[in-house]
Amino acid sequence: MTGELLGHSKFVKRIGQSVATCLDEIPALNTRYPISDTRHPSPVTRHLSPDTRNLLAIFAFILMIPLLAAQNSITFTDITTASGIHFKHEPSKTSEKYLIETMGSGVAVFDFDNDGWLDIFFVNGGKLSDPMPPGTSPDKQDSRYFDRLYRNNGNGTFSDVTEKAGVKGSRYGMGVAVGDYDNDGFPDLYVTGFGGNTLYHNNGNGTFTDVTARAGVGGSGWCTSAGWFDYDNDGKLDLFVCRYMAWDFSMNLYCGEHKPGYRAYCHPSHFKPISSLLFHNNGDGTFMDVSQKSGIASSPGKALGVSFLDYDGDGWTDICVANDSVTQQLFRNKGDGTFQELALSAGVGYDENGKSFAGMGIDCADYDNDGWLDIFITDLSNETYALFHNSGDGTFSYATTNTGVGQATRLYSGWSTRFLDFDHDGRKDIWVAQGHVLDTIERTASNLRYLEPPLMLKNAGGKFVDVSASLGKAFTESWAGRGAAFGDLDNDGDLDIVASNSGQAAYVLRNDGGNAAGNWLIVRAEGTKSNRDGIGARIKVTSSSGLTQYATVNTAVGYCSSSDRRVHFGLGRDSSAKLEIRWPSGRVQHLDDVRANQVLVAKETGNAAPRAH
């Protein structure tokens, strides 16, 4: 109908006259009611005549038609089978209901052989006896329990190179972190699990070597998410490892009703918290456990997710931890090798009612383009996911309710997550892998489901709207979602999604249409004085229309997962941009007249700027 109306010259003339009238009316009003704060609605429109307001609304709708059409043309296509990915997570469920069985595992998206195509690594479980005899460990010898590495062939398919690469694993796996810890140009793998972890050094020839013992990063206990970052800005990546709680098979309890089919996985409140681990990179292939020295060990928790951010803009990378049903954690980097836990005073420890929640997945990004990194944490149904808006003064406000996130997420349970611009409009949307932790939940709560579809919340200018149903069949299918990672698998400029599901096959979703909805820019930072991966570099992108976006290089995203280190920006209709990169070394670099629709390799140069202390 709109097309027919636009075809009539009289209609076009009327719209033009009406808009001219509206524009004449606005300047006078703006003199009386200046628009000084874009975060709050201006009083201008309240004083326009009803006819003027209606005509402005019509004109705005007409202008938005191309953008709405572009969004509606985006589909996430399930290409799992066609791509040759055949991974299935094996939790080895037992009648004992060991909690580890339902926690799933992570996935990594990274280019292990530097051929320009992103590869995929899946973490897997292990065989459990029913029950587990005292003193025994899960068995990973059967190939069905192998971790899996798939090489991207560059033609839409992947090849399983697990055994050739030497990364099949030896423990009941949980998470994965990717980072070039020795700055040799090849990304290394750190795989977490129950009872310890494994560091694989990338040999640069398609194979990896287990260097855990020599490096000194084996850790202990039940380890979950992990991430690489340079907390002391010395140019070498350090390692943070989440530990869930003090638990082993001998401590298992009976939880749930005592009748057939009702035994349930125990709530974490039955077990004691434990501190996470911090390893400092010595620069010689070894690490030092500085958990105590740094202050990390003084704040035990029940850590499932970790992400990194410089939340106060002082040039030192801070740590945010998603904890399960205890206080969330925000470790402020003091710049002297130590951290101070400030979640409560910063406003990110609890929800708006002062209650703890089951924090699982986490991401940190600037969703409203104000230059300050915000925090998003997923949790269980009936809690609503937590969105914390950075106020820019060292504190955060709980934004779940007023942004629409609460209404959209109350009945869901979220795990891995990410801020991403799936439609290239310059605003960061939110994707979540979903599924309840209890496979018995439907017996005790008729309004909840164990298997849940993934969620996409579109950022509509500070408000989030559930647009999942418009993005294709993949968003109508239900899963026991757990880990997920993100990156441009087919090098077409938009972000694709790889998800791992507890006890189910993994899936790969290709973004079809995102690159047609708007222009894009992908930045691959390469440090020289800073760590080679550029992790921690803060990138400011101002496109030709004046739209300004901010992002930080970070692979620790979601739950037990690691995403492509390259930073993706949607540019809308803009065809060029200028960049400012603030490197961990303190150097500041400027790049002008950068054309859109390319992968830009930004190699560190520039002069050091004064650093806050």
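Quick caveat: nothing in here was measured; it's all calculated off a predicted structure.

## Things to note about the state of the cysteines
On inspection of all chains with the given rule, the structure shows 1 disulfide. Here Cys-255 is linked by a disulfide to Cys-266, with a sulfur-sulfur distance of 2.0 Å. Note on the Cys-255 and Cys-266 pair: the S-S dihedral is about 100 degrees, so by sign convention the disulfide is right-handed. With Cys-255 in strand E12 (residues 255-256) and Cys-266 in the loop between strand E13 (263-264) and strand E14 (277-281), the pair connects residues that are 11 residues apart, well separated along the chain. Here Cys-255 falls in the buried class, since its relative accessible area comes to 8%. Residue Cys-266 is classed as buried on the basis of its relative accessible area of 4%. With no disulfide of its own, Cys-223 lies 8.9 Å from the sulfur of Cys-242, the closest cysteine sulfur.

## Points about the pairing of strand E10 (residues 223-229)
With 7 of its 7 residues buried, E10 lies for the most part within the structure. Where E10 lies against strand E11 (residues 238-243), 5 bridges are found, and the strand directions are antiparallel. When the sheet's bridge partners are listed, Trp-228 is paired in E11 with Leu-239.

## Quick notes on the nonpolar core
Counting residues in hydrophobic clusters, the biggest one holds 36 residues, and the most contacted among them are Tyr-190, Leu-199, Trp-228 and Ile-539. Taken together, the elements giving at least two residues each to this core come down to E10, E11, E14, strand E32 (519-526), strand E33 (538-543), strand E35 (567-572), strand E36 (576-582) and strand E38 (599-603). Each residue touching Leu-199, except ones within four places of it in the same chain, is listed here: Tyr-181, Leu-189, Tyr-190, Thr-209, Asp-210, Val-211, Thr-212, Ala-215, Val-217, Trp-228 and Phe-287. Counting 33 residues, the second-largest nonpolar core is a separate cluster that includes Ala-264, Trp-415, Ala-445 and Tyr-450.

## Topic: the pairing of strand E31 (residues 507-512)
Examined bridge by bridge, strand E1 (residues 75-78) and E31 share 4 bridges and lie antiparallel to one another. Bridge pairing links Thr-75 to Asp-512 in E31.

## Considerations on the side chain of Asp-423
Mapped onto the elements, Asp-423 comes out in the loop between strand E25 (414-420) and strand E26 (429-434). The class for Asp-423 is buried, based on a relative accessible area of 6%. There is a polar contact of 2.5 Å between the side chain of Asp-423 and the side chain of Lys-458.

## Looking at the environment of Ala-213
Structurally, the position occupied by Ala-213 is in helix H6 (residues 212-215). The class for Ala-213 is exposed, based on a relative accessible area of 76%. Distance in space between the C-alpha atoms of Ala-213 and Leu-199 is 8.6 Å, their sequence separation being 14 residues.

## Some details on the sheet that holds strand E7 (residues 188-193)
Ordered in space as E6-E7-E8-E9, the 4 strands form an open sheet in which the pairing is antiparallel. Only two strands of the sheet have a single neighbouring strand rather than two, namely strand E6 (173-179) and strand E9 (208-210). The average angle at which neighbouring strand axes cross in this sheet is 25 degrees, direction not considered. Here 5 bridges tie E6 to E7, and the two strands are oriented antiparallel to one another.

## Considering the pattern of salt bridges
In a structure, side chains of opposite charge can pair up when their charged atoms sit close to one another. Throughout the structure, instances matching the rule amount to 22 salt bridges. Here Glu-90 makes a salt bridge to Arg-144, at a shortest N to O gap of 3.0 Å. With Glu-90 in the loop between helix H4 (80-83) and strand E2 (107-110) and Arg-144 in the loop between strand E3 (119-122) and strand E4 (148-152), the pair connects residues that are 54 residues apart, well separated along the chain. You can call Glu-90 buried: its relative accessible area is 11%. Glu-96 is paired through a salt bridge with Arg-263; the nearest N and O atoms lie 4.0 Å apart. Placement of Glu-96 in the loop between H4 and E2 and of Arg-263 in strand E13 is noted, with a sequence separation of 167 residues between them.

Rules of the game
Residues numbered from 1 in each chain as written. Predicted model: local features only at pLDDT ≥ 70, side-chain atom pairs only at ≥ 80, totals over all residues. Heavy atoms only, no water. Disulfide = S-S within 2.5 Å. Helix = DSSP H or I, 4+ residues; strand = E, 2+ residues; numbered from the N terminus. Buried < 20%, exposed > 50% of the residue type's maximum accessible area, 1.4 Å probe, protein only. Pairing = 2+ DSSP bridges. Core = buried A, V, L, I, M, F, W, Y, C linked by side-chain atoms within 4.5 Å. Contact = heavy atoms within 4.5 Å. Polar contact = N/O pair within 3.5 Å; in protein donor to acceptor, adjacent residues only side chain to side chain. Axes fitted to C-alpha atoms, helices over the stretch in contact; angles between N-to-C directions. Salt bridge = Lys/Arg side-chain N within 4 Å of Asp/Glu carboxyl O.

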